[in-house]
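Take a look at the letters that make up each chain.
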Protein chains: 2
Amino acid sequence: MTPQDMLDVAVEEARKGLAEGGIPIGAALFSRDGVLLGSGHNRRVQDDDPSVHGETDAFRAAGRQRNYRSTVMVTTLSPCWYCSGLVRQFNIGAVVIGEAQTFSGGHDWLAENGVEVTVLSDERCIGMMTDFIAARPELWLEDIGE
Amino acid sequence: MTPQDMLDVAVEEARKGLAEGGIPIGAALFSRDGVLLGSGHNRRVQDDDPSVHGETDAFRAAGRQRNYRSTVMVTTLSPCWYCSGLVRQFNIGAVVIGEAQTFSGGHDWLAENGVEVTVLSDERCIGMMTDFIAARPELWLEDIGE
């Protein structure tokens, strides 16, 4: 399974979120050998819950895992500090990022701390976030605490 | 309202968690002027949900806030990277920590990044975590991803 294949699952989640009227960021947690452990998307709007980012939703959906070293978190957007902290604390081994152009979170910090980071420049991800930020700037700023 | 008064609410949450058979870490989000916005505790065991740490549960319970600069997160234990990332991303202005002796997370990093950090050495918090780690070491290591 390629990083791009894994990203497809996160993009599908982001699209679901958008269709629900939410913030279009999706994520998925895979094992290194490509087994999908869990996926999810931002649900600030849908659940009125600021704690559900794409990555935390995917992490939750994967349930309790004894070890995350051999897992890969794939996300449509560079992980914010909250989600970067999740990756670091649980020693998730690798992160695949759809794009880091519309927002840049903690992915350099993760790389400095031993996480294998791959940043793609996926046009679907860039397009979705560009359109969303233009359409709902106040909601976007709320979601990143600004 | 003193930091110690705020900590009392987090300690009460940690005790609830312990009584439920869970990991005894509690937290609360207050406004600077002492209004309780939300409180919660770790529910890994109770909900079988690894994403619910004390701080993320308190943050969720507080609902959507437009700005966190004037809020205070109080927690019984030094926040792990996941919860430290939450504080940093949402620009929570201050953190009050019951103890950082049994576990030291990202509180120095938060202080370096402009968060007002107060570390108490609360005997109730130290006692609860010391007893818990001795009694359930495997559960504790699971909760911090080790």
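Please read these numbers as outputs of a predicted model, since none were measured by experiment. (Residues numbered from 1 in each chain as written. Chains lettered and ligands numbered in written order. Predicted model: local features only at pLDDT ≥ 70, side-chain atom pairs only at ≥ 80, totals over all residues. Heavy atoms only, no water.)

1. Considerations on the packing of helix α2 (residues 54-61) of chain A against helix α3 (residues 81-89) of chain A
Two numbers describe a pair of packed helices, the interaxial angle and the distance between the axes. All names here are of chain A. Interaxial distance between α2 and α3 falls to 8 Å at its minimum, and their mutual angle equals 35°. Touching Glu55, Thr56 and Phe59 of α2 are Tyr82, Cys83 and Leu86, all from α3. The residue inventory of the contact of α2 with α3, partitioned by class, reads four nonpolar, one polar and one charged. (Axes fitted to C-alpha atoms, helices over the stretch in contact; angles between N-to-C directions. Helix = DSSP H or I, 4+ residues; strand = E, 2+ residues; numbered from the N terminus. Contact = heavy atoms within 4.5 Å. Nonpolar A, V, L, I, M, F, W, Y, C, P; charged D, E, K, R; others polar.)

2. Notes on helix α3 (residues 81-89) of chain B
Among the nine residues in α3 of chain B, eight count as buried, and that is most of the element. Of the residues flanking the end of α3 of chain B, it is Asn91 of chain B, one or two places downstream, whose phi is positive at about 55°. (Buried < 20%, exposed > 50% of the residue type's maximum accessible area, 1.4 Å probe, protein only.)

3. Quick look at the relation of the copies chain A and chain B
When chain A is fitted onto chain B, the two copies agree to an RMSD of 0.0 Å after a turn of 180° and an axial shift of 0.0 Å. On the angle and the small slide along the axis, the relation comes out as a two-fold axis. Among all residues of chain A, the one whose C-alpha sits closest to the rotation axis is Gly85 of chain A, at a distance of 2.4 Å. Interface overlap between copies is the fraction of interface residues in one copy that are interface residues in the other; for chain A against chain B it reaches 100%, indicating a shared surface. (Least-squares fit on C-alpha atoms with pLDDT ≥ 70 in both.)

4. Considerations on the sheet that holds strand β3 (residues 71-77) of chain A
Residues and elements named next belong to chain A. Taken together, the five strands give an open sheet; going across it, the order is β2-β1-β3-β4-β5, and neighbouring strands pair in mixed fashion. Edge strands, defined here as strands with exactly one partner in the open sheet, are β2 (36-41) and β5 (116-119). Adjacent strand axes in the sheet meet at a mean angle of 15°, parallel and antiparallel pairs treated alike. One ladder, built from four bridges, connects strand β4 (residues 94-99) with β5; its direction is parallel. (Pairing = 2+ DSSP bridges.)

5. Some words on helix α2 (residues 54-61) of chain B
In terms of burial, α2 of chain B is largely enclosed, as six of its eight residues are buried. What α2 of chain B keeps buried is the set Gly54, Glu55, Thr56, Asp57, Ala58 and Phe59 of chain B. Buried positions along α2 of chain B lie against α3 of chain A together with β1 (26-31), β2 (36-41), β3 (71-75) and α3 of chain B. Note on α2 of chain B: the residue one or two positions beyond its end, Gly63 of chain B, has a positive phi of about 70°.

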